[in-house]
Amino acid sequence: MFNNIALAAENVGDKLSIGDAAITAIFGYSVVFFGLVILMVVLYCTGAYFKSKDAKANAATEKSAPVIKETPTAAPVAEQKLAPGSAGHVKLYDVPDKEAAMIMAIVADKLQKPLNELHFISIKEVK
């Protein structure tokens, strides 16, 4: 019974040569690729539109707000006042500033104390 159905389907269907199948495949791939290119162009144009819109909004706010420039004065380290609640300077040994800040935040969180109540003397990487 299944053999009869398979034979009937074989006689009804079109038989493509290898060349025709290759042309059909290339045409299908090119249609999909062209669709992807069009989608990329649409997304690029949409992004450019919103970036220009944001730039115009930022330019309008900059024009409305007065610009005040202060020249910072470089004071020696000994004369600089510490921030309120600061516990002084921390000596870092082979540790980047970002990692030291994360370590101090983790310690403060684990101790459940505010960071300004802790006094870190130095942070050293153990190798």
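So, how was this worked out
Residues numbered from 1 in each chain as written. Predicted model: local features only at pLDDT ≥ 70, side-chain atom pairs only at ≥ 80, totals over all residues. Heavy atoms only, no water. Helix = DSSP H or I, 4+ residues; strand = E, 2+ residues; numbered from the N terminus. Buried < 20%, exposed > 50% of the residue type's maximum accessible area, 1.4 Å probe, protein only. pLDDT = per-residue confidence, 0-100. Core = buried A, V, L, I, M, F, W, Y, C linked by side-chain atoms within 4.5 Å. Contact = heavy atoms within 4.5 Å.

Draft legend 1. Region of the structure containing unusual backbone geometry. Positive phi outside glycine occurs at aspartate 94, with the angle close to 60 degrees. Its location among the elements puts aspartate 94 in the loop between β1 (91-93) and α3 (97-111). Among the residues examined, aspartate 94 registers a relative accessible area of 58% and is labelled exposed. The residue glutamine 112 is not glycine, and still its phi comes out positive at about 55 degrees. By relative accessible area, which is 72% here, glutamine 112 ends up exposed.

Draft legend 2. Quick look at the confidence of the model for the protein chain. Across the protein chain, the average pLDDT comes to 79, with 74% of residues at 70 or higher. Per-element confidence in the protein chain is highest for helix α2 (residues 18-64), whose mean pLDDT is 91, and lowest for helix α1 (residues 2-12), whose mean pLDDT is 69.

Draft legend 3. Looking closely at the nonpolar core. Membership of the largest hydrophobic core is limited to seven residues, which are Val95, Ala100, Met104, Ala108, Leu118, Phe120 and Ile123. When neighbours within four sequence positions are excluded, isoleucine 123 is seen to be in contact with Val90, Lys91, Leu92, Tyr93, Val95, Ala100, Ile103 and Met104.

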